[in-house]
Amino acid sequence: MKLGVICDGISRDLDHALTVMSEFDLEYAELQFVWDKEVGDHDAQEIHKIKGLLEKHNKPVSCLSRHVFAGLTTQNKPGDADHVRHMDALKRVIDMAHQLGSPLVRIMTSKKEQILWGYNGAEKWNVAKGAWDTLPPLIAPAVELARAEGVQLVVETGNGTMVNSNYTACKLIDELDAKDVLKVLWDPGNNCWCHELAYPDGFEAIKDGYLGHLHIKDVLVDTPKATLEVREMGKGQLAPLFAPMAEALRDNSYDGVISFESVYHTGDGDFENGFRACIDLFKTHFA
């Protein structure tokens, strides 16, 4: 397995983030926000500068992670103004991926409706009827674009999105018949909100060729109180699951990148210090 970090979790100053990566022997840079822009919004000169910094620090890119399709709703349709805006952004990110040699481009999904399927009465009274059916048509043009461009998309299991579990991620991939170009970006910390147990349940869902990339962080969720707390790694609800997750990934011959997602701070807003508090345990488990 290969280790990396989402760089802006350390700093949006890419040169500094890459320097800190080297300090901890992390090889793969995942780019999301660089300086004051999200990937896909940088001009040619800025992309050239980014490429130069990556080469200077000898850091290959693991994934370009823009929030493509995030914020769309069940009211959106393929080809409407919002969808076109996201597709245009995806085209720019894919072009950037070609220039930087990124093998993966992240997409998200539209806003979550809570109950998508139901039985024995729930299908009448509780289900958001047709909500799920609006999603595959929104993602299908991205799949077609990825095939044409020769890139791999990864769909993140995101908080507040239609795909918020490995189960729903695999269901989307299967319905699109897109396993060749669309994989799961598994974020077990996000999946805690919908109570999908990372191991064994989450792992079992994606082990047969669905997994494309991972984000790792530790959290504590309180769904009834609508509260999420990012925890120092090893002090949240995933703490007892990191070791069996890592062992299962090795046993399954996963050889992709695992990105540490540095979104923890001690209350002072200093995410780099939060990164430094967590990174050794991350490496202990996944190196």
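A. A look at helix α3 (residues 81-100). End to end, α3 covers 29 Å across 20 residues, agreeing with the expected 28 Å (1.5 Å per residue, within 8%). When α3 is considered as a whole, its buried residues turn out to be H83, H86, M87, A89, L90, V93, I94, M96, A97 and L100. On the buried face of α3, the contacting elements are β2 (28-31), α2 (44-57), β5 (61-65), β6 (104-107), α5 (135-149) and β7 (152-156). A positive phi of about 75 degrees marks G101, the residue just after α3.

B. Looking closely at a nonpolar patch on the surface. Together, W117, Y119 and Y167 make up a nonpolar patch on the protein surface, roughly 410 Å² of accessible area in all. Considering the arrangement of structural elements, one finds W117 in the loop between β6 and α4 (122-125). Overall, W117 belongs to the partly exposed group, its relative accessible area being 36%.

C. Structural context of empty space enclosed by the protein. According to the stated counting rule, one finds one cavity of 30 Å³ or more in the structure shown. Here the largest cavity defines a volume of roughly 40 Å³. Considering the residues around the largest cavity, the lining is formed by K217, D218, V230, R231, M233, F260, E261, V263, Y264 and C278. A class-by-class count of the residues in the lining of the largest cavity yields six nonpolar, no polar and four charged.

D. View of unusual backbone geometry. A cis amide bond links Y199 to the next residue, P200, at an omega of 10 degrees. Relative to the helices and strands, P200 resides in helix α8 (residues 198-206). Even without a glycine there, the phi angle at D25 is positive, about 55 degrees. Inspection of the secondary structure assignment puts D25 in the loop between α1 (14-23) and β2. Owing to a relative accessible area of 61%, D25 belongs among the exposed residues under this scheme. Residues other than glycine seldom take positive phi values, yet D177 does so here, at roughly 50 degrees. Looking at where D177 falls in the secondary structure, it is placed in the loop between α6 (166-176) and β8 (182-186). Since its relative accessible area comes to 61%, D177 is described here as exposed.

E. Structural detail: the environment of D15. As for its placement among the helices and strands, D15 is situated in helix α1. For the pair D15 and W35, spaced 20 residues apart in sequence, the C-alpha to C-alpha distance is 9.9 Å. If we ignore the near neighbours within four places in the chain, the residues touching D15 are L53, K56 and H57.

F. Just the sheet that holds β5, in detail. A barrel is described by the order of its strands in space; here eight strands give the closed sequence β1-β2-β5-β6-β7-β8-β9-β12, paired in parallel fashion. Between one strand and the next, the sheet's axes are offset by a mean angle of 30 degrees, whatever the strand orientation. Inspection of the sheet shows β6 paired to β7 by four bridges, in the parallel sense. The residue bridging V105 from the neighbouring strand is L153, located in β7. Helix-sheet contacts for α5 involve β6, β7 and β8, and the interaxial angle to β7 is about 150 degrees. Helix-sheet contacts for α6 involve β7 and β8, and the interaxial angle to β8 is about 170 degrees.

The rules behind these values
Residues numbered from 1 in each chain as written. Predicted model: local features only at pLDDT ≥ 70, side-chain atom pairs only at ≥ 80, totals over all residues. Heavy atoms only, no water. Helix = DSSP H or I, 4+ residues; strand = E, 2+ residues; numbered from the N terminus. Expected span 1.5 Å × (residues − 1). Buried < 20%, exposed > 50% of the residue type's maximum accessible area, 1.4 Å probe, protein only. Contact = heavy atoms within 4.5 Å. Patch = residues over 30% accessible without salt bridge, like charges linked within 9 Å, V, L, I, M, F, W, Y side chains within 5 Å. Areas by Shrake-Rupley, 256 points an atom, 1.4 Å probe, with all protein chains shown as cover. Salt bridge = Lys/Arg side-chain N within 4 Å of Asp/Glu carboxyl O. 1 Å grid on protein atoms, 1.4 Å probe; cavity = no way out; pocket = protein on both sides within 12 Å on 5 of 7 lines; lining within 4 Å. Points joined across faces, edges and corners; volume = space filled by probe spheres on them. Nonpolar A, V, L, I, M, F, W, Y, C, P; charged D, E, K, R; others polar. Pairing = 2+ DSSP bridges. Axes fitted to C-alpha atoms, helices over the stretch in contact; angles between N-to-C directions.

Structural measurements only, silent on function.
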